[in-house]
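Single-letter residue listing:
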Amino acid sequence: MMAKTGMLLMTAVYGAALSIPHEKVKGPEGSGWIKHERIPRNKLLEFTIALKHTDAQKAWLKETIDAVSDPRNARYGQYLSMQDVAEKMSATKETSDAVLTAFTGAGFTGVELLPARDFARASATHAVAAEFFKTEFCRWESSRNVSITRACSPFYHLPQTIAGAIDTVGGLIHFPLATYGAKMAVHAKAGAGDNIDTLRKTYNMVGVGPLTKQSTTCFVQFTIHDEWYSPNDLQAFFERESPSQVGQVIARKIGPWHPGNGWEANLDSQYLAAMGNGVETWVWSRDGHDPWLPFLSNLASIADPPLVMSISYGQEPGTLTRDYIERSNVEMQKIGLRGTTVVVASGDDGSTCRSGKFNPVFPRGAVLRSTEARRGEAAPKY
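Residues numbered from 1 in each chain as written. Predicted model: local features only at pLDDT ≥ 70, side-chain atom pairs only at ≥ 80, totals over all residues. Heavy atoms only, no water.

As for the pattern of salt bridges
Then, number 1: This model, assessed by the stated rule, comprises 19 salt bridges.
Then, number 2: Between K334 and D118 there is a salt bridge, with the nearest N and O atoms lying 2.5 Å from each other. Taken as a pair, K334 in helix α11 (residues 322-336) and D118 in the loop between β4 (109-113) and β5 (119-125) lie far apart in primary sequence, 216 residues in all.
Then, number 3: Under the relative-accessibility criterion, D118 is labelled buried at 0%.
Then, number 4: Here D304 makes a salt bridge to R252, at a shortest N to O gap of 3.0 Å. (Salt bridge = Lys/Arg side-chain N within 4 Å of Asp/Glu carboxyl O. Helix = DSSP H or I, 4+ residues; strand = E, 2+ residues; numbered from the N terminus. Buried < 20%, exposed > 50% of the residue type's maximum accessible area, 1.4 Å probe, protein only.)

Listed below in structure tokens is the structure:
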């Protein structure tokens, strides 16, 4: 009996050593996300895996982005291609093979290394994912009655053999803001300061346009709250605010899109296109239960990114980790190295507070990007 007990104990200890804790967060409780029932065991889930970079790779990235961004440097403006960046920042073949093999061997499907070669993607049923990450998955509902799937616990595990090769895994413990897009902005009356003519004067753009179509600008819409822009509303906006642009359309749509009437998506598309005044405008949308890491991985893998990207999105601060934030900063450096500027709105409330404490919302609280301040608020300088 003692021998059998000892054997069971040894098996348990050995089994526990195979998987180790990887990321743990404070959790979304108190932010507007409410945990509900566990999802069905056969529900299919998708995960984005960020493969770790070496210190030497991150040092090269910082030195190079500083050089191409500094007008005083001889390398100023000498941006790199997607392939150039991938050659320098990709995971080693041994590392990527080990990670892909581990996920495939555990029963994941669609396991693939993405073109940037430092991200992977994999899908699995709830049953398979729960066994692999050592956490069950639940339905969470926001204060806007939007449901997403996340881990029931604020932590997850990874096999010890590959944990050191992975920064973070999307689709587990990181949450968007529960109130994202919940507040309707209070707009001034027509002609009182928010019309296009006034904005062009404010930003010294009178007489500039139409701008060259060799430039591209893009707004990124995360559709977790069913935000879609309306082509018909865009034309109606042009008729009222910028008649010379009637007939201009969104030149390129990346990701899912459904004709709709999302107020924030319409606001972004209309004002971005009108202020661009002839610049080719894209819409990049991402839905699903985890939009941020898949967006970064797709952005790293596109050969011809737009020159300017405007992002309207926020993530719950209590569900972020240092590895997650630092990896996001690395991705911002990588896209900047290719000549793209990423602008993130500071939000309708500017720099927000919660319970009397400063509450910087990610990604606008990240370091390596520009922040749009609301009117009357100073933008942070980095």
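Structure's up, so let's keep going.
Structural notes on the confidence of the model for the protein
Then, number 1: Residues with a pLDDT of 70 or more make up 77% of the protein, whose mean pLDDT is 81.
Then, number 2: Throughout residues 1-17 the model reports pLDDT below 50, and contacts reaching past four residues in sequence, or to other chains, amount to one contact.
Then, number 3: Considering only residues more than four positions removed or in separate chains, one finds that residues 181-192, a stretch of pLDDT under 50, has 13 contacts. (pLDDT = per-residue confidence, 0-100. Contact = heavy atoms within 4.5 Å.)

Structural notes on the packing of helix α2 (residues 55-69) against α11
Then, number 1: At their nearest, the axes of α2 and α11 sit 10 Å apart, and the two run at 45° to each other. What the angle tells us is that α2 and α11 run oblique. Remark: the crossing between α2 and α11 carries left-handed chirality. Between α2 and α11, the contacting residues are K58, L61, K62 and I65 on the first element and V330, Q333, K334 and G336 on the second. (Axes fitted to C-alpha atoms, helices over the stretch in contact; angles between N-to-C directions. Parallel < 35°, antiparallel > 145°, perpendicular 65-115°, else oblique. Left-handed = near helix turned anticlockwise from the far one by under 90°.)

Re the sheet that holds strand β2 (residues 34-38)
Then, number 1: With antiparallel pairing, the three strands of this open sheet are ordered in space as β2-β6-β7. Edge positions in the open sheet fall to β2 and β7 (147-151), since each of these has one partner strand only. The sheet shows a mean angle of 40° between the axes of neighbouring strands, taken without regard to direction.
Then, number 2: Looking at chain direction, strand β6 (residues 137-141) and β7 are connected through five bridges and run antiparallel. Across the sheet, residue R139 finds its bridge partner in β7, namely T149. (Pairing = 2+ DSSP bridges.)

Observations regarding the packing of helix α10 (residues 292-301) against α11
Then, number 1: Interhelical geometry of α10 versus α11 gives an angle of 30° and a closest axis separation of 10 Å. By the criterion of interaxial angle, the relationship of α10 to α11 is roughly parallel. Crossing geometry of α10 relative to α11 is assigned as left-handed. Across the interface between the two elements, W292, L293, L296, L299 and A300 from α10 touch Y324, S328, E331, M332, K334 and I335 from α11.
Then, number 2: Residues belonging to the contact of α10 with α11 are distributed by class as follows: eight nonpolar, one polar and two charged. (Nonpolar A, V, L, I, M, F, W, Y, C, P; charged D, E, K, R; others polar.)

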